[in-house]
Amino acid sequence: MNKKLCAILLSLPVSAIANQITLEVVGNGNVKYGNETCSDSCTISTENNSVMLSPNVNAGGRFMHWSGQQCDFGQGVQTSTDRTTIGSASGGAKTLATLDLDNDGDKDLLGISLFRGQIIKYQNQGNGTFTSSNFISSLNYPSAMATHDVNADGFSDLLVAEYGARQVRVYNNDGAGQLAESEIIQIPGTVPYAITVEDPDQDGSAELIISSFTADTSGDLFQLVDSIKNQEIAIYSKLPDGYTKTKVISNTAAVTLDSYLDDEHGLTIVSAEIDTGNISLYRASDDFTGNVVDQSNAPYGVGFADVDDDGDKDIVTAHYGPYSLRIIYNNAGSYTAAVEIGSGNEGLTAVQVADYNLDGYQDIATGEFNTQRFYYHAANSYVECGVAQGSSIELTANFSATATPIPSEPEKDKTISSSGGTFSYLIMVLLALILVRRRII
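About the cut-offs
- Residues numbered from 1 in each chain as written.
- Predicted model: local features only at pLDDT ≥ 70, side-chain atom pairs only at ≥ 80, totals over all residues.
- Heavy atoms only, no water.
- Disulfide = S-S within 2.5 Å.
- Buried < 20%, exposed > 50% of the residue type's maximum accessible area, 1.4 Å probe, protein only.
- Helix = DSSP H or I, 4+ residues; strand = E, 2+ residues; numbered from the N terminus.
- Phe/Tyr/Trp six-rings, centres within 6.5 Å; stacked < 30°, edge-to-face > 60°.
- Lys NZ or Arg CZ within 6 Å of the ring centre and 35° of its normal.

Enquirer: It is not clear to me how the state of the cysteines should be interpreted in this structure. Could you clarify?
Expert: Here, the word disulfide means a covalent bond between the sulfur atoms of two cysteines. Across all of its chains, the model carries two disulfides by this definition. Between the sulfur atoms of Cys38 and its disulfide mate Cys42 the distance is 2.0 Å. Handedness here is read from the sign of the S-S torsion; for Cys38 and Cys42, about 105°, the answer is right-handed. Considered together, Cys38 and Cys42 belong to a single accessibility category, that of buried residues. One disulfide bridge connects Cys71 with Cys385, the sulfur atoms lying 2.1 Å from each other. Here Cys71 and Cys385 share a disulfide; its torsion about the S-S bond, -115°, makes the bridge left-handed. Pair noted here: Cys71 is in the loop between strand 6 (63-68) and strand 7 (73-79) and Cys385 is in strand 34 (residues 379-387), with a separation of 314 residues, a long-range link. For the pair formed by Cys71 and Cys385, the shared burial category is buried. The connectivity of the disulfides in the protein is 1-2, 3-4, where the numbers refer to bonded cysteines in sequence order.

Enquirer: Can you help me understand the packing of aromatic side chains in this one?
Expert: Between two aromatic rings, the relevant description is the distance of the centres plus the angle of the planes. Considering all chains together, one arrives at 17 aromatic pairs under this definition. Look at Tyr122 and Phe374: their rings are 5.9 Å apart centre to centre, the planes differ by 75°, and that puts the pair in the edge-to-face class. Here Phe374 lies in strand 33 (residues 373-377) and Tyr122 lies in strand 11 (residues 118-124), a separation of 252 residues in the sequence. Phe374 gets classed as buried once you look at its relative accessible area, which sits at 0%. Put simply, the rings of Phe115, Tyr141, Tyr163, Tyr193, Phe213, Tyr300, Tyr320 and Phe369 pair up and form one aromatic cluster. Sitting above the plane of the Tyr375 ring, Arg83 keeps its charged end 4.3 Å from the centroid. Note that Lys313 overlies the ring of Tyr260, its terminal NZ or CZ placed 5.8 Å from the centroid.

Right under this line is the structure:
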């Protein structure tokens, strides 16, 4: 054998050439994989198939996180209870959009300051911290944003629903940090509040999905809700003489929409419908029949994202009341009950998901309207750890050291109330009924 090659092979750690997982279990739990269980130290082969490692707590225990090398994918994420500030929005932190404005690979953010009519740029510094600057001003009640490569130049452009002017503004992204207004879209009889954009035919002509309604915006959120009229979610296609309504999805009022093209189900839309209290899912494969996947007094933000990198688009939701940030996991087309990952004293608004701190995990951003700031919860681990076939990895499964339960956990579990179907979720629904409905701006 070539001496140089031999020296390289001898210098490699055993796990790097063995197609295996070297697993340590620390604390009050064990790890299941297939029909096997690891309680201390184990070596698991990946030669013939991928392996999913599932943490299993002992009585009173708690799974903390995986450490060592990073899993290839997962099922579920562990997010930090600490919040990293993105920046302030002194006119009310309403909506976020993720956009790599300067084409440097870091995920930047744009945020709406509602009552100041501004869009603020939050420039990612490459380490999960942001610097802010005013980007677009003098808008008339900007209510939503969407991103899409409208001009097919390889850069995602920005669309802004300007509710007060009954129009959508389009800004082209030059890939160097600048957005230039290129088009104003006005559709007779349509008052766009929320918007998302897709090209389901892949013909280069994007379709707009718009939530349109009229309402009184002079008071607080619930005054707006009580005054909603003419609500409709519909698809609009671009024809030579402008955009025309081609499909009505629902007669509800969404304050946030998101969409993507699913390989199996085609155009897939999710909406936060504040007039009904529903988070609803619509798919082309079933003619956009609505499926309620979450509920609350005031659902506000919603977005699709593969939070745990398993190939399925999950749903993340933010709720004004009962002030809750949640993940609804997608397992091969079926959706779990909502899992709460954060809550606050004020109304939560926006939802965006990306790896903002560049550690390989998908972080979850939101906003608190009245405290006038945006922030994100950093994901620090998967729950179940997937290792691809042929991979070699060294991992530690970290559990709580004793059987003493952590006091805050039962309270967090109770707030997963709105979309259960088992006895435990019925209890949580009953607990949710005692929440006091707060009125806020």
